[in-house]
Amino acid sequence: MNKDEPWEYLPNALKQALPPALALLISQQCTRVEKLSTGLSNTNYHLHMDGKDWVVRDNLSIAQWCDRNNEVDCWKNVAAMSIAPTLLWISDDKRFYISEFIQQVQFDWSTVYDEFGFNQPVRPTQSIYPVDPVPLLLQLLNQLITLPLPDKVVSLSGQWQIYLDDLLRLAQSQQAGLLTQYHADWRANFQQLLAMQPQMDVWVNDAESCLISPQFCHRDLTPFNLLLKQDKLVCIDFEYCATSHPMFDLASVIASHPLTPQQTDELTSQYLSLHPNLSVDAPKFMLQMMNIFWMYSAAWALMMAGRSLLDAKEHDEEIASYFILFNKYLSLIS
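Residues numbered from 1 in each chain as written. Predicted model: local features only at pLDDT ≥ 70, side-chain atom pairs only at ≥ 80, totals over all residues. Heavy atoms only, no water.

**Q** Which residues make up the environment of Asp-237, and what are the values?
**A** Within the secondary structure, Asp-237 sits in the loop between strand E8 (232-235) and strand E9 (242-244). It is 24 Å that separates the C-alpha atoms of Asp-237 and Asp-132, two residues lying 105 residues apart in sequence. Not counting the four nearest positions on each side in its chain, Asp-237 is found in contact with Arg-57, His-218 and Asn-225. (Helix = DSSP H or I, 4+ residues; strand = E, 2+ residues; numbered from the N terminus. Contact = heavy atoms within 4.5 Å.)

**Q** Give a detailed account of the environment of Pro-11, specifying residues and quantitative values.
**A** Relative to the elements of secondary structure, Pro-11 occurs in the loop between helix H1 (4-9) and helix H2 (12-17). Taking C-alpha positions, Pro-11 is 15 Å from Ile-90, a pair spaced 79 residues apart along the chain.

**Q** Break down the side chain of Thr-264 for me, citing the residues and quoting the values.
**A** With respect to the helices, strands and loops of the structure, Thr-264 is situated in helix H10 (residues 261-272). Contact partners of Thr-264, with chain neighbours within four places excluded, come to Arg-123, Ile-254 and Leu-259.

**Q** Run through the pattern of salt bridges, naming residues and quoting values.
**A** Proximity of charged atoms lets side chains of opposite charge pair with each other. Throughout the structure, instances matching the rule amount to 11 salt bridges. Across the pair Arg-57 and Glu-239 runs a salt bridge, and its minimum N-O distance is 3.6 Å. Placement of the pair is Arg-57 in strand E3 (residues 54-59) and Glu-239 in the loop between E8 and E9, with a sequence separation of 182 residues. On the basis of relative accessible area, Arg-57 is assigned to the buried category, the value being 5%. In this structure, Lys-229 engages Glu-100 in a salt bridge whose closest nitrogen and oxygen atoms are separated by 3.7 Å. Here Lys-229, found in strand E7 (residues 226-229), pairs with Glu-100, found in strand E5 (residues 96-100); they are 129 residues apart in sequence, far enough to count as distant. Among the residues examined, Lys-229 registers a relative accessible area of 28% and is labelled partly exposed. Classification of Glu-100 as buried rests on a relative accessible area of 17%. Each member of the salt-bridge network shares a partner with another, and the members are Arg-57, Arg-68, Glu-71, Asp-237 and Glu-239. (Salt bridge = Lys/Arg side-chain N within 4 Å of Asp/Glu carboxyl O. Buried < 20%, exposed > 50% of the residue type's maximum accessible area, 1.4 Å probe, protein only.)

**Q** So what's going on with the packing of aromatic side chains? Which residues, and what values?
**A** Following the criterion strictly, the structure yields 15 aromatic pairs and no others. On the numbers, 6.0 Å between centres and 70° between planes, the contact of Phe-107 with Tyr-129 is edge-to-face. Here Tyr-129 lies in the loop between E5 and helix H5 (133-145) and Phe-107 lies in the loop between E5 and H5, a separation of 22 residues in the sequence. As far as the burial class goes, Phe-107 and Tyr-129 line up, both buried. Taking 5.8 Å as the distance between ring centres and 40° as the angle between the ring planes, the aromatic pair formed by Phe-248 and Phe-293 counts as tilted. Note that Phe-248 is positioned in helix H9 (residues 246-256) and Phe-293 in helix H11 (residues 286-310), a separation of 45 residues in sequence. (Phe/Tyr/Trp six-rings, centres within 6.5 Å; stacked < 30°, edge-to-face > 60°.)

**Q** Mind laying out the pairing of E7, listing which residues take part and the relevant values?
**A** Note on strand geometry: in a regular strand, side chains alternate between the two faces of the sheet. Bridge analysis of E7 against E8 gives 4 bridges, and the strand direction is antiparallel. Bridge pairing in E8 places Leu-228 opposite Leu-233. Here E7 folds back onto E8 in antiparallel fashion, the turn holding 2 residues, of which Gln-230 has a positive phi close to 60°. (Pairing = 2+ DSSP bridges.)

Structure (structure tokens):
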């Protein structure tokens, strides 16, 4: 492979933003560039270097909801606890990040993503992990408790209101003369979500009743955002980090990990036992917190479908996929 090829593969804006010394280092030592993922808010590249490998993240401009200053501050605080990749360089406009690459040698944690409500679908009867996941997940959750509080504060009710406000704006933007079947389906789904508002209010009030004080929350601890590094888990992707409810991180883990019923009970009881920021009756509100998690997810899917409908180039498959997710997430609510 020509040594210039990897360098040429990277975005031109990145090459222009890099300090000269760092640009020279990459151009000389990078032997291969591999696209890791393309998400809704960023694109990631794996830089195979002569020394330690790196990850370049290109933040997309559509992520207007994300406070990049808060994201970077949270990332640095988590990395200081050695539970996040080291952040090596940030562009002045915070469009680009370079961090260490953590090779998944023992087990790729992202391969075990699944979706569970509080009591359905049925969880696996045998552990699918090569190691016991409970101590690893518990260690990570307990370390997050000790981190400084982010400047960004998001309560359970506040997050729900953000989704509702966005969905209302999307509903108002749909002009009657341009309605298609997709628009009609979207409005019907929105009304279905609004009809669940009284239940959501009860779940939020119940969950907030056991809150002593908010804490650092990652707010997206799915397997896709966890890496196994030697004998511990580290997390990535800090766009959603905020000062929030301590049970939400636990809910995101329980909802997205194929833990056995015994592992689920062990993780829940050990995390909530003597939790400094929760009252002793917190465990009885786990069902409510799981329902809140999937209500957020359903609202997000509907929001993405609504944004796709506003796109001048309507993508039928994309819109339909968000409708499928919306209905699936609602089905996980107990």
